[in-house]
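Here's the letter readout for the chains.
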Amino acid sequence: MEYQHDVEINGEGKYLNICKHNGLCKKEKDSKDDTDSNKLSHIEKAYTTILGELGEDVDREGLLRTPLRAAKAMQFFTKGYKETTQDILNDAIFDENHDEMVIVKDIDLFSLCEHHLVPFFGKAHIAYLPNKKVVGLSKLARIVEIYSRRLQVQERLTKQIASAISEALEPAGVAVVIEAAHMCMVMRGVQKINASTVTSVMLGTFQDNPTTRKEFLELTLRK
Amino acid sequence: MEHSKQTQFSSSDKKDAGASSVVNGHCDGMLKRAAGGSSQPPAAESGSQRPVMESWREDRTRSVEDNEMSLPSLAAAYTTILRGLGEDPQRQGLLKTPWRAATAMQFFTKGYQEKIIADVLNDAIFDEDHDEMVIVKDIDMFSMCEHHLVPIFGRVHIGYLPNKRVLGLSKLARIVEIYSRRLQVQERLTKQIAVAITEALQPTGVGVVIEATHMCMVMRGVQKMNSKTVTSTMLGVFREDPKTRDEFLTLIRS
């Protein structure tokens, strides 16, 4: 399949290669447009089957257009596959003589657990030490959006965000911390309502220098 | 046997496109047949016209056997969805996802399997000479939006004025579970909980308040992170007497 070589490495491989995977190739994007409505109707039919198998009546008023709505919602939740970091970053990298820490914290994040297809959501905190190149601040949040709007595993998501920033800016260091609540743990399974999962990736100076890391964690996680 | 009879009904119900309506746990066709095979149920075409007041009496529409039989087609549907989204269902992380997602979805709609009276309430109604308000608040609730199939979660607060009969406290939470673990609309959920308690206990009054966050509004669409939806149903003296209602609302806020 056309996406196989991209996606099969999702989760393995070196840091820097990871941001290229877990997504569609750019050249395939154009040929996808004409089959998008085809795909939508396949997903819609699948949802109709699901509703029937769950014991519901697909013809009752509240459920009449649910397959279409659910299919569109699911496409929205996975729109990150069609976006690449290059698309959003290209024009927002600026030369700036600044080498102190830049932190953008409390970025709301919504993703889908790839194991149960159930949402997980929380906050992402990102910091980087520029090396003469700074990025538009909202672009950090957009990078979070690209990688979170996919079927994800929180560990991989954190790594992908960190490596995308690393590749684009070549900074002296990048740090990403994500704390999230997983509905697959809250709504089903162990059903622990207050549990939250925290993952972090430290690259460059953040990894080598404990003082830098400490400064980041203090500025970010202190309530 | 009871079980296999129910399985037969539910699977034949699915094949009869217009013969029965399964509305959020109600199954007209099954009840009619169990009663001795009368003509088509009156609300077969549009189940939403069925009055909510009778909703709690309905027999379950799904059994554990139904769940097992549906699993393969549910898993196949989820595999189609994964492909349609552009993912590779053969990659390691997604290999068993269709099965996990199918089982998860069955869990999120397990309210269709449970019978209010037999399973939940029968043995926990007690005669007690108590006629002051009883409140169980901050009951965590998880449901699924029937329009987008995306989670809704929040808290339910229930209050009732007993009329010589009280209910085991955890049973209030179990009633919430039965109705929330379905494809729901928050307004209907609130009313179903209130009506179930009313018909089981015949209390002097019942009040139910639900505050919930709808992921369909937070994760997509308008994307308003902090919005909450609050619905309430007041029956009996809670509706007629403003002081009772005030007392209830004050106590659930504190």
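Going by the structure above, here's the rest.
Every chain begins its residue count from 1, and numbering advances along the sequence as written. A letter from A marks each chain and a number from 1 marks each ligand, given out in the order of writing. Residues qualify for local features only when their pLDDT is at least 70, as the model is predicted, and side-chain atom pairs are given and counted only at 80 or more; totals for whole chains, interfaces and linings, by contrast, use all residues. As a rule here, side-chain values come from all non-hydrogen atoms in the structure, and water together with hydrogens is ignored.

### Quick word on the overall build of chain A
Now for step 1: Scanning chain A for helices and strands turns up ten helices and seven strands.
Now for step 2: Taken across its 223 residues, chain A has 52% of its residues classed as buried.
Now for step 3: Expressed as a percentage of contacts within chain A between residues at least 6 apart in sequence, the contacts between residues at least 24 apart total 69%. The helix count covers DSSP runs of H or I at least four residues long, the strand count covers runs of E at least two residues long, and both are numbered beginning at the N terminus. Buried residues are those whose accessible area, probed at 1.4 Å on protein chains only, stays under 20% of the maximum for their type, while exposed residues exceed 50% and partly exposed ones sit between those limits. For this analysis, residues touch if any pair of their heavy atoms sits within 4.5 Å.

### Section: the interface of chain B and chain A
Now for step 1: Contacts between the two partners involve 55 residues from chain B, matched on the other side by 54 residues from chain A.
Now for step 2: Once two parts are put together, the accessible area they lose, assessed with a 1.4 Å probe and summed over both, is termed the buried area. Taken together, both faces of the contact between chain B and chain A bury some 5,000 Å²; the carbon and sulfur share is 69%.
Now for step 3: Of all residues in chain B, Leu85(B), Arg91(B) and Met219(B) bury the most surface against chain A, accounting for 14% of the area lost on that side.
Now for step 4: Whenever Lys or Arg places a side-chain nitrogen within 4 Å of a carboxyl oxygen from Asp or Glu, that contact is recorded as a salt bridge. Our count for the chain B to chain A interface comes out at two salt bridges.
Now for step 5: The salt bridge partner of Arg91(B) is Glu114(A), with a shortest N-O separation of 2.8 Å.
Now for step 6: Residues adjacent in sequence count toward polar contacts only when both atoms are side-chain atoms; beyond that, a polar contact is any pair of N or O atoms within 3.5 Å, and within protein one must be able to donate a hydrogen and the other to accept it. The interface formed by chain B and chain A includes 15 residue pairs in polar contact (both at pLDDT 80 or more).
Now for step 7: Sorting the residues of the side of chain B that touches chain A by element identifies strand E1 (22–23), helix H3 (64–84), helix H4 (97–108), strand E4 (134–145), strand E5 (151–161) and helix H8 (215–218) of chain B as the ones contributing at least two each.
Now for step 8: Here the side of chain B that touches chain A gets ten residues from one element, more than from any other, and that element is H3(B).
Now for step 9: Think of it as three bins: nonpolar holds Ala, Val, Leu, Ile, Met, Phe, Trp, Tyr, Cys and Pro, charged holds Asp, Glu, Lys and Arg, and polar takes everything else, Gly as well. Partitioning the side of chain B that touches chain A into residue classes produces 26 nonpolar, 17 polar and twelve charged.

### Remarks on the environment of Asp66(B)
Now for step 1: Here Asp66(B) shows up in helix H3.
Now for step 2: For the pair Asp66(B) and Gln113(B), spaced 47 residues apart in sequence, the C-alpha to C-alpha distance is 9.6 Å.

### Quick notes on helix H10 (residues 242–253) of chain B
Residues and elements named next belong to chain B.
Now for step 1: To estimate how far a helix should reach, multiply one less than its number of residues by 1.5 Å. Given a rise of 1.5 Å per residue, twelve residues ought to cover 16 Å, and the 16 Å separating the end C-alpha atoms of H10 matches this to within 8%.
Now for step 2: Within the sequence span of H10, burial applies to Thr244, Phe248 and Ile252. Taken around the axis of H10, the buried residues stretch over an arc of 60 degrees, which confines them to a single face. Away from the buried face of H10 by more than 90 degrees, exposed residues Pro242, Lys243, Thr250 and Arg253 are located. This arc corresponds to the set of directions leading from the helix axis out to the C-beta atoms.

### Things to note about the sheet that holds strand E9 (residues 229–236) of chain B
All names here are of chain B.
Now for step 1: The strand order E7-E4-E5-E8-E9 describes an open sheet built from five strands, whose pairing is mixed. A single partner strand is all that each edge strand has here, and the edge strands are strand E7 (183–184) and E9.
Now for step 2: Two strands qualify as a pair provided DSSP detects at least 2 bridges between them. Relative to strand E8 (residues 205–214), E5 runs antiparallel, the two sharing ten bridges. Counted as the bridge partner of glycine 159 is glycine 207 from E8.
Now for step 3: Against the sheet, H10 contacts E4, E5, E8 and E9, and its axis sits at roughly 40 degrees relative to E8. Angular values range over 0 to 180 degrees, each being the angle between N-to-C directions of two axes fitted as lines to C-alpha atoms, with helices fitted over their stretch in contact.

### Looking at the packing of helix H6 (residues 169–180) of chain B against helix H7 (residues 186–201) of chain B
Residue and element names in this part refer to chain B.
Now for step 1: At a closest axis distance of 10 Å, the pairing of H6 and H7 adopts a crossing angle of 135 degrees. Overall, the two elements H6 and H7 adopt an arrangement that is oblique. Of the two elements, H6 crosses H7, and the hand of that crossing is right-handed. Residues Leu172, Ile175, Val176, Tyr179 and Ser180 of H6 pack against Leu189, Gln192, Ile193, Ala196 and Ile197 of H7. Each angle is binned into one of four classes, with values under 35 degrees roughly parallel, values over 145 roughly antiparallel, values of 65 to 115 roughly perpendicular, and all other values oblique. Helix crossings are classified by the rotation of the near helix relative to the far one: an anticlockwise turn of less than a right angle makes the crossing left-handed, while a clockwise turn makes it right-handed.

### Thoughts on unusual backbone geometry
Now for step 1: Backbone geometry at Asp138(B) places phi at a positive 55 degrees, although glycine is not the residue there.
Now for step 2: Along the polypeptide, Asp138(B) turns up in strand E4.

### Description of the side chain of Ser148(A)
Now for step 1: With respect to the secondary-structure elements, Ser148(A) resides in helix H6 (residues 137–148).
Now for step 2: For Ser148(A), a relative accessible area of 0% translates into the label buried.

### Thoughts on the sheet that holds strand E7 (residues 197–204) of chain A
Sheets are built from strands paired through backbone hydrogen bonds, the pairs being either parallel or antiparallel.
All names here are of chain A.
Now for step 1: The five strands lie next to each other as E5-E2-E3-E6-E7, forming an open sheet whose pairing is mixed. A single partner strand is all that each edge strand has here, and the edge strands are strand E5 (151–152) and E7.
Now for step 2: As paired elements, strand E2 (residues 102–113) and strand E3 (residues 119–129) share nine bridges and run antiparallel to each other. Along E3, the bridge assignment pairs leucine 109 with glycine 122.
Now for step 3: Against the sheet, helix H7 (residues 154–169) touches E2, E3, E5, strand E6 (173–182) and E7, its axis set at about 155 degrees to E6.

### What about the packing of aromatic side chains?
Residues and elements named next belong to chain B.
Now for step 1: Planes of paired rings set the category: under 30 degrees apart is stacked, over 60 is edge-to-face and the rest tilted, where pairs are Phe, Tyr or Trp rings (Trp by its six-membered ring) whose centres lie within 6.5 Å. Tallied over the full model, the rule gives seven aromatic pairs over all chains.
Now for step 2: Residues phenylalanine 142 and phenylalanine 153 carry aromatic rings whose centres are separated by 6.4 Å and whose planes lie at 40 degrees to one another, so their mutual orientation is tilted. Of this pair, phenylalanine 142 sits in strand E4 while phenylalanine 153 sits in strand E5, placing them eleven residues apart in sequence.
Now for step 3: Take phenylalanine 142: its relative accessible area is 7%, and that puts it in the buried class.

### Some words on the side chain of His116(A)
Now for step 1: Along the chain, His116(A) falls in the loop between E2 and E3.
Now for step 2: Ignoring any residue separated from it by four or fewer positions in sequence, one finds His116(A) in contact with Cys184(A), Arg188(A), Arg100(B) and Ala101(B).

### Here's the deal with the nonpolar core
Now for step 1: Think of a nonpolar core as a cluster: buried Ala, Val, Leu, Ile, Met, Phe, Trp, Tyr and Cys residues, connected wherever their side-chain atoms sit within 4.5 Å. Core analysis: the largest hydrophobic core is formed by 46 residues, its most contacted members being Tyr47(A), Ile50(A), Tyr78(B) and Ile81(B).
Now for step 2: Apart from the residues lying within four places of it in its own chain, the contact partners of Tyr78(B) are Ile50(A), Leu117(A), Pro98(B), Ala101(B), Ala102(B) and Met105(B).

### Description of the pattern of salt bridges
Now for step 1: Applying the stated criterion to the full structure yields 17 salt bridges over all chains.
Now for step 2: Close ionic contact of Glu211(B) with Arg253(B) constitutes a salt bridge, the shortest N to O distance being 3.8 Å. Of this pair, Glu211(B) sits in strand E8 while Arg253(B) sits in helix H10, and the two are 42 residues apart along the sequence.
Now for step 3: Taken together, the salt bridges that share partners define one network made up of Glu56(A), Arg60(A), Glu146(B) and Arg188(B).

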